[in-house]
Amino acid sequence: MSSFEFLSVFISVIVGLGMANMLTGSVRLLHCRKTIKFSAAHFAWTLFVFFMMIVYWWTVVFGWKDWQDWNVLLFVFLLFYGITLFLLSAILYPGDIPEDWDLHSHFVEIRRWFFTIEFLWILLELTDTYLKDHFDDFSIPYFLLIGSWTLLAIWGWITRSRPAHVFIANYHLFTLLLWIMYQFRSLEWTRATAGY
């Protein structure tokens, strides 16, 4: 196996653990649906992190496959990127979910941890885009997306307002889905990774 193949397997494990954690947590919520107090923000964040894990796995496996100069710093960087997404999933779905859980109250209590890790993830995302030399490809739409997520994360870090958190989470999810469709429209990921 090549260095990249070892890395992609390791990354796949991290993504798999994060997805398994969220899927298991979602099923536990389903079993406790009569006593759980659901939250639109929590649901939107669950979908956002889930889709980000898919995007991360895709961009690592296909965006870095032709990279030749592997070293421990790059390996740690890509690993840490995946770990931040796993941490977001673990914050949303802790190991012990009480049967009378209030998902909004939980998120408000841990929001500063969540948004601090999101800030770190955004820095890693910008670094990843820079290392792959994609700033010119993504340009203004990319910076508008990342900039809006950053500003809304600051607002989320500060506020305890339920409507604000519902808006912030749904905005993240909606714009992520738009970005994915935008990338499919231009086939940027396909061209960049397939060497066309």
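Here the structure is a predicted model, which means the values were calculated and not measured. (Residues numbered from 1 in each chain as written. Predicted model: local features only at pLDDT ≥ 70, side-chain atom pairs only at ≥ 80, totals over all residues. Heavy atoms only, no water.)

1. So, the overall build of the protein chain
Regarding its fold elements, the protein chain presents 7 helices and 0 strands. Counting only carbon and sulfur atoms, one obtains 70% of the accessible surface of the protein chain, whose full area is about 10400 Å². (Helix = DSSP H or I, 4+ residues; strand = E, 2+ residues; numbered from the N terminus. Areas by Shrake-Rupley, 256 points an atom, 1.4 Å probe, with all protein chains shown as cover.)

2. Comments concerning the nonpolar core
Of all hydrophobic cores here, the largest spans 54 residues; its most connected members are W45 and F114. Counting only elements with at least two residues in this core, the list comes to α1 (3–31), α2 (40–63), α3 (72–92), α4 (103–131), α5 (135–158) and α6 (162–186). Here this core gets 10 residues from one element, more than from any other, and that element is α2. Ignoring any residue separated from it by four or fewer positions in sequence, one finds F114 in contact with W45, L88, I91, L92 and F107. (Core = buried A, V, L, I, M, F, W, Y, C linked by side-chain atoms within 4.5 Å. Buried < 20%, exposed > 50% of the residue type's maximum accessible area, 1.4 Å probe, protein only. Contact = heavy atoms within 4.5 Å.)

3. Examining the pattern of salt bridges
The final tally for this structure, using the stated rule, is 1 salt bridge. Ionic pairing is found between R160 and E109, a salt bridge with its closest N-O pair at 3.0 Å. Placement of the pair is R160 in the loop between α5 and α6 and E109 in helix α4, with a sequence separation of 51 residues. Using a relative accessible area of 55% as the deciding quantity, one classes E109 as exposed. (Salt bridge = Lys/Arg side-chain N within 4 Å of Asp/Glu carboxyl O.)

4. Looking at a nonpolar patch on the surface
On the surface, F80, I83, L87, L120 and L123 cluster together into a nonpolar patch covering about 390 Å² of accessible area. For the nonpolar patch, the secondary-structure elements that each account for two or more residues are α3 and α4. Considering every element that reaches the nonpolar patch, the biggest residue donor is α3, with 3 residues. With respect to the element layout, L123 can be found in helix α4. (Patch = residues over 30% accessible without salt bridge, like charges linked within 9 Å, V, L, I, M, F, W, Y side chains within 5 Å.)

5. Quick notes on the layout of surface pockets
One number sums up the size of the second largest pocket: a volume of about 200 Å³. In this structure, the second largest pocket is lined by 13 residues; those nearest its centre are S26, F43, T46, L47 and Y93. Elements supplying a minimum of two residues to the lining of the second largest pocket: α1 and α2. Looking at which element gives the most residues to the lining of the second largest pocket, the answer is α2, with 5 residues. In terms of residue class, the lining of the second largest pocket is built from 9 nonpolar, 4 polar and no charged. (1 Å grid on protein atoms, 1.4 Å probe; cavity = no way out; pocket = protein on both sides within 12 Å on 5 of 7 lines; lining within 4 Å. Points joined across faces, edges and corners; volume = space filled by probe spheres on them. Nonpolar A, V, L, I, M, F, W, Y, C, P; charged D, E, K, R; others polar.)

6. A few points about the environment of S148
Secondary-structure assignment places S148 in helix α5. A relative accessible area of 16% means that S148 is categorised as buried. It is 9.9 Å that separates the C-alpha atoms of S148 and I168, two residues lying 20 residues apart in sequence. Looking at S148, its side chain comes within polar contact range of the main-chain oxygen of L145, at 2.8 Å. (Polar contact = N/O pair within 3.5 Å; in protein donor to acceptor, adjacent residues only side chain to side chain.)

7. Some remarks on α4
Of all the bends in α4, the greatest, near 60 degrees, is centred on I110. Regarding α4, its N-cap is D102, as a side-chain oxygen of that residue lies 3.1 Å from the backbone nitrogen of H104 further along. (Bend = angle between axes of the 7 residues up to and from the residue.)

8. Looking at the packing of α2 against α4
Interaxial distance between α2 and α4 falls to 11 Å at its minimum, and their mutual angle equals 30 degrees. Classed by the angle they form, the pair α2 and α4 counts as roughly parallel. As α2 runs across α4, the sense of the crossing is left-handed. Contact residues: α2 offers H42, W45, F48 and M52, while α4 offers L103, F107, F114, F115, E118 and W121. For the contact of α2 with α4, a count of residues per class yields 8 nonpolar, 1 polar and 1 charged. (Axes fitted to C-alpha atoms, helices over the stretch in contact; angles between N-to-C directions. Parallel < 35°, antiparallel > 145°, perpendicular 65-115°, else oblique. Left-handed = near helix turned anticlockwise from the far one by under 90°.)

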